[in-house]
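Observations on the three-dimensional arrangement
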Amino acid sequence: MYGRIPTEPAISLQDVLQEGSVYIMKRFMCKPSKPTYRVVDSPFMMQFTRFTTVDPVVDDEEDFPYCTYSLMSFSDIPIPDVIGRIIAVTDIVVVHSQHQAGPSDTRTVVLQDQIGNEISLVLWGARAHEFEVEEVRAASESTVVIAIFVG
């Protein structure tokens, strides 16, 4: 279960609550979880109020897990929309154009979809330098690209 603390109680609890500690909490509201943001998969959340009390429990931290997991079958994992996989990335190439006053740096990224169609994306100027080339080159050829480059 996760919790939400409005501004007023948050101010009084900011010096009390510490990550990794265990507490007994009383006088809070149990509400349906928010539909758009859930830290944990639970139908309910705690809503702190100005009446909520928080009492530390000493020496019980080791009895509580630091992390929790929700395991699922591979077949239950949603399949993302896939553009393709990166099959080539060029080094920076300086291009001189009659339509620009000075030279421009470019980098070409080649994507291939699942049936073998290819498309080349040309990144210009700062975008050509921002692209993480070493990370892409170090990844295996089966790396799936699920990001879209937005100009």
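Residues numbered from 1 in each chain as written. Predicted model: local features only at pLDDT ≥ 70, side-chain atom pairs only at ≥ 80, totals over all residues. Heavy atoms only, no water.

The chain goes by Replication protein A OB domain-containing protein in an unreviewed UniProt entry, where it is assigned to Aegilops tauschii subsp. strangulata.

1. Focus on the environment of G84
Condition: A run of DSSP states H or I qualifies as a helix once it reaches four residues; a run of E qualifies as a strand once it reaches two. Both are numbered from the N-terminal end. Burial status follows relative accessibility: with a 1.4 Å probe on protein chains alone, a residue under 20% of its type maximum counts as buried, one over 50% as exposed, and anything between as partly exposed.
Structurally, G84 is set in the loop between strand 5 (53-57) and strand 6 (85-89). With a relative accessible area of 4%, G84 lands in the buried category. Each C-alpha atom, one on G84 and one on L111, is 5.7 Å from the other, the two residues being 27 residues apart in sequence.

2. What to know about the pattern of salt bridges
Here is the rule we go by: When a carboxyl oxygen of Asp or Glu is within 4 Å of a side-chain nitrogen of Lys or Arg, the pair counts as a salt bridge.
All chains considered together, the criterion is met by one salt bridge. In this structure, R127 engages E130 in a salt bridge whose closest nitrogen and oxygen atoms are separated by 3.3 Å. Taken together, the residues R127 and E130, both in helix 2 (residues 126-130) and three residues apart, mark about one turn of the helix. On the accessibility criterion, R127 (41% relative accessible area) is partly exposed. Judged by its relative accessible area of 47%, E130 is partly exposed.

3. Some remarks on the sheet that holds strand 3 (residues 29-32)
As a reminder, the rule being used: A strand pair is defined by DSSP finding two or more bridges across the two strands. Lines fitted to C-alpha atoms define the axes here, with helix axes fitted over just the stretch in contact, and angles between the N-to-C directions of these axes take values from 0 to 180 degrees.
Strand order in this open sheet of three strands is 1-4-3, and the pairing throughout is mixed. Edge strands, defined here as strands with exactly one partner in the open sheet, are strand 1 (2-4) and strand 3. With strand direction ignored, the average angle separating the axes of adjacent strands in the sheet is 40 degrees. The pairing of strand 3 with strand 4 (residues 44-47) spans four bridges and is antiparallel. Opposite P32, over in strand 4, you have F44 as the bridge partner.

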